[in-house]
2 protein chains.
Amino acid sequence: MSRSLVSKNSKSVSNVKPADVRPEKNDCPQLKLAPRDRIVSTACELFRQHGIRGIGVDAIAEAADTNKMTLYRHFGSKDDLICETLRFKSEQASAFWDELEAQHPNDPLARLHGWVKARAQCLADNQYGCDLANAAVELKEQGHPAHAVIETFKLAQRRRLEALCRDVGVSEPELLSDTLSMLMEGAQVSKLATGSEGPSMRFLRACEAAIASFCQPAATP
Amino acid sequence: MSRSLVSKNSKSVSNVKPADVRPEKNDCPQLKLAPRDRIVSTACELFRQHGIRGIGVDAIAEAADTNKMTLYRHFGSKDDLICETLRFKSEQASAFWDELEAQHPNDPLARLHGWVKARAQCLADNQYGCDLANAAVELKEQGHPAHAVIETFKLAQRRRLEALCRDVGVSEPELLSDTLSMLMEGAQVSKLATGSEGPSMRFLRACEAAIASFCQPAATP
DNA sequence: CATGGGTGTGACCGGTCGGTAACTATACGG
DNA sequence: CCGTATAGTTACCGACCGGTCACACCCATG
C-alpha cells in the first residue's frame, strides 16, 4: 500500500492563459505609450506576478494591448524581452539611488538610514521580492543572457551601498555593506516563503542594529 | 529605427528534454531503492538543477530509471511530487538540527556557532540555494499546496533557531534569530544572483559579528 | 502452478509553448 | 497623394507539456 495516491488533475503548475490576463489589460492604460514600452512595462508586471516561466509571450502581448507579432518585431525572442525588462528594472533602481543622494546631500548617515527605511517600505509594499534576484533563481540555465544583466545590476548595487558605508565612516564598510545586502535579499525571499509575519518583520530593526554595532568603536571585546 | 531587433531562436527558456538528462541516470545508481524513493530523490536533484518548472515529469521518471506511469501511480500529479520532495528536504533539515544538538549537548553557544559554520559550509558546497525558498520564489500561484509545506518548514526552522538563541542567553533572541535567518536566506539567493564573490562571501563574518554584537550587554550607546 | 500486485512500454490526448509567414490596416512625412 | 514604416490579424508550425490508457511483464506468495 503506497502513500499519496490522491489529488489528480491539479494543473496548477501550468502557465497562465491569455484569457486570465485580459481583464487587467486596462488596469494601467498607459495612455498609448509606444507599443515597445507598453510591452516592457507589462512584461515586468506579469513576470513579477506569475514568474518568467509562468507567463507566455502571447499573454504578455495581449495584456500590453498589442499582439505577438509586434512583440517579436521589437524583441527577437522571449529571452531578449526578459533581459530588457531586467535592464528596465535596473534603471529604476539606479534612479532610486540618485534620488536618495539628492534627498540627503552631504549627510551619508542620513542617506544610509534613508536607504534602510526605503528598503523596508518597499518590502512592505510589494509581495514579490526583487525581480532581478527572482529571475536569478528562476533561470537556472547557465549562460542565459539574463545572468549578465543580473550580475551587472547586483554589482552596481553593492558598489553604491559599500561606497555609502565608507562615506559614513563606519568600521569595516565592506562587511556592513554585505551584511545589509544579505539582510535585504534575505528579507525579500523570506517574505515570499514565510509570509510577512516571518523574519522579514524585523528587517528594519535588524538593519539598524547592524549599523549601530558597526558605528561602535569595536564590537569585539 | 527601433532597438534590439536581433538574436532569434534562442529557446533557452524551454524545458529540459529527457535526452539531456539521460546521461546522468547512472550518476547515482541508488542501488535499487524502491521506485518511489528513487523518484523522490531524483526529482529533488533535478528540481534543484533545473527548477521546478524547468524539468518535466517524463525526464524525472527517466532519470530515476523508471517511467512516467510508475511515477503517476505513486504521485497523483506533478504538484504532489513537488510537495513530497519538499517534505523530503524538510526532514533532512530536521535531521541536521538533531545532529547539531547531539554534537554540542549542553553548550548552546557552541551549537549556535556550529549552526553558522554548517550553514557557511552548505553555502560553499552547493550552488543552488535553499530548495524550499527557491520553490517559494518559483511557484507564484497562490493556493499551491507546496506553499503550506514551505511555510511549515520555515516556521519550524525559525522556532528552532530562536530557541537556540534564547538558550544562549542572548539579549533579544528573536531579533538575533531573525537576523541570522535573513543573513542565511540572503546569502543563498545572493550567491545565485551575484556569484560566490558577492556579499555571500562575508556570510560567516556577518553572522559572527551579529552574534557578538548581541552578546554585548547592549549595542545601543 | 496459479494469481495478483507492482512495474515497464508505447501510444495517445488536449492544450500550450515559443516562434514565423503572409497579408491587411493605419499613420505620417515628403 | 503617394510611399514607407509601423502595427494588427489570422493562421500555422513543430515541440513539449501534464496526464491517461491498455496491455505485457516480472516475481513473490498462496
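In this text the structure is predicted, and so the values were computed from the model without any measurement.

## Digging into the overall build of chain A
Helix and strand counts for chain A stand at 10 helices and 0 strands. When the helices and strands of chain A are placed in sequence order, the string is α-α-α-α-α-α-α-α-α-α. Per-residue burial over chain A gives 52% buried out of 221 residues. Counting only carbon and sulfur atoms, one obtains 53% of the accessible surface of chain A, whose full area is about 10,400 Å².

## Remarks on the packing of helix α8 (residues 145-168) of chain A against helix α9 (residues 173-194) of chain A
All names here are of chain A. Close contact between α8 and α9 brings their axes to 8 Å; oriented N to C, the two are set at 130°. Taken as axis vectors, α8 and α9 run oblique relative to one another. You can see that α8 and α9 cross each other, and the crossing is right-handed. Contact residues: Lys-154, Arg-158, Leu-161, Glu-162, Cys-165 and Arg-166 in α8; Pro-173, Glu-174, Leu-176, Ser-177, Asp-178, Leu-180, Ser-181 and Glu-185 in α9.

## Some words on the packing of helix α6 (residues 108-125) of chain B against helix α10 (residues 203-215) of chain B
Residue and element names in this part refer to chain B. At their nearest, the axes of α6 and α10 sit 9 Å apart, and the two run at 160° to each other. The orientation of α6 relative to α10 falls into the category roughly antiparallel. In this structure, the crossing between α6 and α10 has a hand that is right-handed. Residues Leu-112, His-113, Val-116, Arg-119, Ala-120 and Leu-123 of α6 form the contact with α10, whose own contacting residues are Phe-203, Leu-204, Cys-207, Glu-208 and Ile-211. Of the residues in the contact of α6 with α10, the class split is 8 nonpolar, 1 polar and 2 charged.

## What about helix α9 (residues 173-194) of chain B?
Taking 1.5 Å as the rise per residue, α9 of chain B with 22 residues should run 32 Å; its terminal C-alpha atoms sit 30 Å apart, in good agreement. Of the residues trailing α9 of chain B, Gly-195 of chain B is marked for its positive phi of about 95°.

## Some remarks on the packing of aromatic side chains
All names here are of chain A. Evaluation of the coordinates by the stated rule reveals 2 aromatic pairs over all chains. Centre to centre, the rings of Phe-96 and Trp-97 are 6.2 Å apart; their planes meet at 65°, and the pair counts as edge-to-face. You can call Trp-97 buried: its relative accessible area is 4%. For Arg-119, the ring lying beneath its charged end belongs to Phe-96, and the centroid distance is 5.8 Å.

About the thresholds
Sequence order sets the numbering: in each chain, residues are counted from 1 along the sequence as written. Labels follow written order: the first chain is A, the first ligand is 1, and so on. Totals for whole chains, interfaces and linings use all residues, but because this is a predicted model, local features are given only for residues with pLDDT of at least 70 and pairs of side-chain atoms are given and counted only at 80 or more. Water and hydrogen atoms play no part in the side-chain values, which are based on all heavy atoms of the structure. The helix count covers DSSP runs of H or I at least four residues long, the strand count covers runs of E at least two residues long, and both are numbered beginning at the N terminus. The classification of residues rests on relative accessible area computed with a 1.4 Å probe and restricted to protein chains. Under 20% of the type maximum is buried, over 50% is exposed, and intermediate values are partly exposed. Note that accessible areas follow from Shrake-Rupley with a 1.4 Å probe, and for residues the cover is restricted to the protein chains shown. Comment: axis = line fitted to C-alpha atoms, over the contacting stretch for helices; angle = value between 0 and 180 degrees taken between N-to-C directions. Angles are sorted into four bins: roughly parallel if under 35 degrees, roughly antiparallel if over 145, roughly perpendicular if 65 to 115, and oblique for all others. Crossing chirality is assigned from the near helix's rotation relative to the far helix, an anticlockwise turn below a right angle marking it left-handed and a clockwise turn marking it right-handed. Residues count as neighbours in contact if any of their non-hydrogen atoms are within 4.5 Å of one another. Three classes are used: nonpolar for Ala, Val, Leu, Ile, Met, Phe, Trp, Tyr, Cys and Pro, charged for Asp, Glu, Lys and Arg, and polar for all others, with Gly counted as polar. Residue count minus one, scaled by 1.5 Å, sets the expected span of a helix. Pairing of aromatic rings covers Phe, Tyr and Trp, the last through its six-membered ring, and needs centres within 6.5 Å; plane angles under 30 degrees mean stacked, over 60 mean edge-to-face, and all others mean tilted. Think of it as a cone above the ring: NZ of Lys or CZ of Arg counts as a charge over the ring if it is within 6 Å of the ring centre and within 35 degrees of the ring normal.

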